[in-house]
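Tertiary structure, described
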Amino acid sequence: MAIGRPRAFDKDKALDRALDVFLRQGYEGASLADLTAAMGINPPSLYACFGSKEGLFRAALDRYEQTRGNAFAEALARPSAREAVEHLLRQSAVYQTDPDTPPGCLLVQAALTCSGQAEGVRCELGQRRAKAEQMLRDRFHRAKADGDLPKDADCVALARFVTTTINGMAVAAAGGASRAELMQVVDLALRAWPAPAQKRRRGRASGRAARAAGREQAAVGHRAVR
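Residues numbered from 1 in each chain as written. Predicted model: local features only at pLDDT ≥ 70, side-chain atom pairs only at ≥ 80, totals over all residues. Heavy atoms only, no water.

1. A look at the overall build of the chain
Put simply, the test is: Going along the chain from the N terminus, every DSSP run of H or I of four or more residues is numbered as a helix, and every run of E of two or more is numbered as a strand. Each residue's exposure class comes from its accessible area (1.4 Å probe, protein chains only) as a fraction of the maximum for that residue type: buried when under 20%, exposed when over 50%, partly exposed otherwise. What sets the accessible areas is the Shrake-Rupley method with a 1.4 Å probe; for residues, cover comes only from the shown protein chains.
For the chain, the helix and strand inventory stands at ten helices and zero strands. Traced from its N-terminal end to its C-terminal end, the chain shows the element sequence α-α-α-α-α-α-α-α-α-α. Residues classed as buried in the chain amount to 38% of the 226 residues present. Total accessible area on the chain stands at roughly 13000 Å², and carbon and sulfur atoms take up 53% of it.

Printed below as a string of structure tokens:
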């Protein structure tokens, strides 16, 4: 009796299902039985296609970043640094509370549950987060050179502020925070954003003009009294 070919499976769909498991249970919490059941394959097929559970996780991370990477690229392409940050934060709030996927962010959730036995995964997640932060730093340096950020702006600290806000939102979303609540966090974060250098100069000029006008009015009033 001839042995038939193994049934083909859609790799992208399988990775989406694995992603769902990793998001809900973390890297170490997701067992092979959970993963293969969700993907509709057996363990030998998983190893043949991805090499190992860690290999599957890395492929799932790539898939995750492909689906959400457009928002990051769109944010960096915005005309100003503030618009870039607003787009990134608001899109993060939308993704982290998407009703069709588990809440939060895989790059954050998976890292929080990694033990020493999954050091390779922890390092991988850290490197991916660091890469995103570096891209933000580069964008802010360009904004600073263009006068879109003040000369004393700390681009390293600003990039860390944005990524820390996103990571905190992910933890809050995983804990049940609503999209509206995350948008409130975004609003507060944007209030802390430094004004462009040009606006600062206009603000100082307006302030000086107002003070000069006030002094002139006072002088006129003084002469009138005399």
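2. Notes on the packing of aromatic side chains
Inclusion rule: For this analysis, a ring pair means two rings from Phe, Tyr or Trp (six-membered ring only for Trp) whose centres lie within 6.5 Å, classed as stacked if their planes differ by under 30 degrees, edge-to-face if by over 60, and tilted for the remaining angles.
For the structure shown, the criterion picks out four aromatic pairs. Relative to Tyr 27, the ring of Phe 22 has its centre 6.2 Å away and its plane inclined at 20°; by these criteria the two rings are stacked. There is no split in this pair, since Phe 22 and Tyr 27 are both buried. Every member of this aromatic cluster is reached through a ring pair, and the members are Phe 22, Tyr 27 and Phe 57.

3. A few points about the confidence of the model for the chain
Atomic detail in the predicted coordinates should be set aside for any region of low pLDDT. Filter applied, for reference: What pLDDT reports is the predictor's confidence in each residue, on a scale of 0 through 100. By definition, residues are in contact when any of their heavy atoms lie within 4.5 Å.
Taken residue by residue, the chain gives an average pLDDT of 85. The fraction at 70 or more is 81%. The weakest mean pLDDT in the chain belongs to helix 10 (residues 197-225) at 52; the strongest belongs to helix 9 (residues 179-191) at 98. Here residues 1-6 is a poorly scored stretch, pLDDT under 50, and it has zero contacts once near neighbours within four places are set aside; other chains count.

4. A look at the environment of Gly 104
With respect to the helices and strands, Gly 104 occurs in the loop between helix 5 (81-96) and helix 6 (106-112). Sequence separation between Gly 104 and Gly 168 is 64 residues, and the spatial gap between their C-alpha atoms is 9.5 Å. Every residue in contact with Gly 104, bar those within four places of it in the chain, is listed here: Tyr 64, Arg 68, Gln 96, Gln 109, Ala 170, Ala 173 and Ala 174.

5. Things to note about the packing of helix 4 (residues 53-76) against helix 5
Spelled out, the test is: Fitting a line to C-alpha atoms yields each axis, with helices limited to the stretch in contact; the angle taken between N-to-C directions then spans 0 to 180 degrees. The cut-offs work like this: below 35 degrees is roughly parallel, past 145 is roughly antiparallel, 65 to 115 is roughly perpendicular, and the gaps in between are oblique. The hand of a helix crossing depends on one turn: near helix anticlockwise from the far one by less than a right angle means left-handed, and clockwise means right-handed.
Interaxial distance between helix 4 and helix 5 falls to 8 Å at its minimum, and their mutual angle equals 160°. Between helix 4 and helix 5, the crossing angle belongs to the class labelled roughly antiparallel. For the crossing formed where helix 4 meets helix 5, the hand is right-handed. Taken together, the residues of helix 5 that come into contact with helix 4 (itself represented by Thr 67, Arg 68, Ala 71, Phe 72, Glu 74 and Ala 75) are Ala 84, His 87, Leu 88, Gln 91, Tyr 95 and Gln 96.

6. Here we look at the packing of helix 1 (residues 11-29) against helix 2 (residues 32-39)
Rule in force here: Three classes are used: nonpolar for Ala, Val, Leu, Ile, Met, Phe, Trp, Tyr, Cys and Pro, charged for Asp, Glu, Lys and Arg, and polar for all others, with Gly counted as polar.
Where helix 1 meets helix 2, the axes come as close as 8 Å, and the angle between the chain directions of the two elements is 160°. The angle between helix 1 and helix 2 places the two elements in the roughly antiparallel class. You can see that helix 1 and helix 2 cross each other, and the crossing is right-handed. Note on element contacts: helix 2 touches helix 1 through Asp 34, Leu 35, Ala 38 and Met 39, opposite Ala 14, Arg 17, Ala 18, Val 21, Phe 22, Gln 25 and Gly 29. The residue inventory of the contact of helix 1 with helix 2, partitioned by class, reads seven nonpolar, two polar and two charged.

7. Some remarks on the nonpolar core
The condition that has to hold: By nonpolar core we mean a set of buried residues, namely Ala, Val, Leu, Ile, Met, Phe, Trp, Tyr and Cys, connected to one another through side-chain atoms within 4.5 Å.
The biggest cluster of nonpolar side chains holds 30 residues, and the ones touching the most others in it are Phe 22, Leu 35, Met 39, Leu 56, Phe 57, Leu 106 and Leu 125. Looking at this core, the elements that each hand over two or more residues are helix 1, helix 2, helix 3 (43-50), helix 4, helix 6 and helix 7 (119-145). Looking at this core, the element that brings in the most residues is helix 1, giving eight residues. In this view, Leu 35 contacts Ala 18, Val 21, Phe 22, Ala 30, Lys 53 and Leu 56; residues no more than four positions away in its chain are not counted. Core analysis: the second largest hydrophobic core is formed by 27 residues, Ala 81, Val 85, Leu 158 and Ala 159 among them.

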